[in-house]
Amino acid sequence: MATRRVQHRPHRRRNTATALAAAAVVALAGPALVGCDTVQKALDCAQLAVEISNDVDDLQDAVTGAAVNPEDADKILDTLNEDIDKISDKTDNADIEKAVEDLRKAVDNVQTAIDEGKAPDLKPVTDALGELTDVCSPG
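Scope of this entry: the structure provided in the associated data block. None of the values given here were measured: they were computed from a predicted structure. (Residues numbered from 1 in each chain as written. Predicted model: local features only at pLDDT ≥ 70, side-chain atom pairs only at ≥ 80, totals over all residues. Heavy atoms only, no water.)

Details of the nonpolar core
Then, in step 1: Ranked by size, the top nonpolar core spans 28 residues in total, and within it Ile52, Leu59, Ile87, Leu103, Val125 and Leu132 carry the most contacts.
Then, in step 2: For this core, the secondary-structure elements that each account for two or more residues are α2 (36-64), α3 (70-89), α4 (94-115) and α5 (123-136).
Then, in step 3: In this structure, leucine 59 is in contact with Ala73, Ile76, Leu77, Leu80, Val110 and Leu122, ignoring residues within four places of it in sequence. (Core = buried A, V, L, I, M, F, W, Y, C linked by side-chain atoms within 4.5 Å. Buried < 20%, exposed > 50% of the residue type's maximum accessible area, 1.4 Å probe, protein only. Helix = DSSP H or I, 4+ residues; strand = E, 2+ residues; numbered from the N terminus. Contact = heavy atoms within 4.5 Å.)

Points about the pattern of salt bridges
Then, in step 1: Scanning all chains against the criterion turns up six salt bridges.
Then, in step 2: In this structure, glutamate 116 engages lysine 118 in a salt bridge whose closest nitrogen and oxygen atoms are separated by 3.2 Å.
Then, in step 3: Exposure remark for lysine 118: the relative accessible area of 52% places this residue in the exposed category. (Salt bridge = Lys/Arg side-chain N within 4 Å of Asp/Glu carboxyl O.)

A few points about the state of the cysteines
Then, in step 1: Evaluation of the coordinates by the stated rule reveals one disulfide.
Then, in step 2: Each sulfur of the disulfide joining cysteine 45 and cysteine 136 lies 1.6 Å from the other. Torsion about the S-S bond of the cysteine 45 and cysteine 136 cystine: about -60°, corresponding to left-handed handedness. Linking cysteine 45 in helix α2 with cysteine 136 in helix α5, this pair joins segments that are 91 residues apart in sequence.
Then, in step 3: Taking the relative accessible area as the measure of exposure, cysteine 136 reaches 3% and is therefore buried. (Disulfide = S-S within 2.5 Å.)

In short, the description is geometric, and any link to function would need to be established separately.
In structure tokens:
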């Protein structure tokens, strides 16, 4: 079975940079937000978005070598799912919940593709990560 190699490096840097920028914006805007609870939730969301961005970067690296060692991709998917659960547990915001659900569906599709021995499409994962990063950023 022939596998195609997909390069995701430009997206990787953009996603990580976007998530880090969101975290920085939230940290700088924190004092302007109303209430400590709101600030903490925004910071938690941004921090977890950065963690998920790092997981997605790792997943992109693992998928390019999935034919060699699919266990690496499975471990990263487990970590990614744990981080998705963390952000889901820490929020009651409908926009964040929608972004988390979209991300969860995209990750499930990657897992299914890997389980079936197919090359997964990571674009929906990176798109959902971008959505999450956007909703974790203040107004």
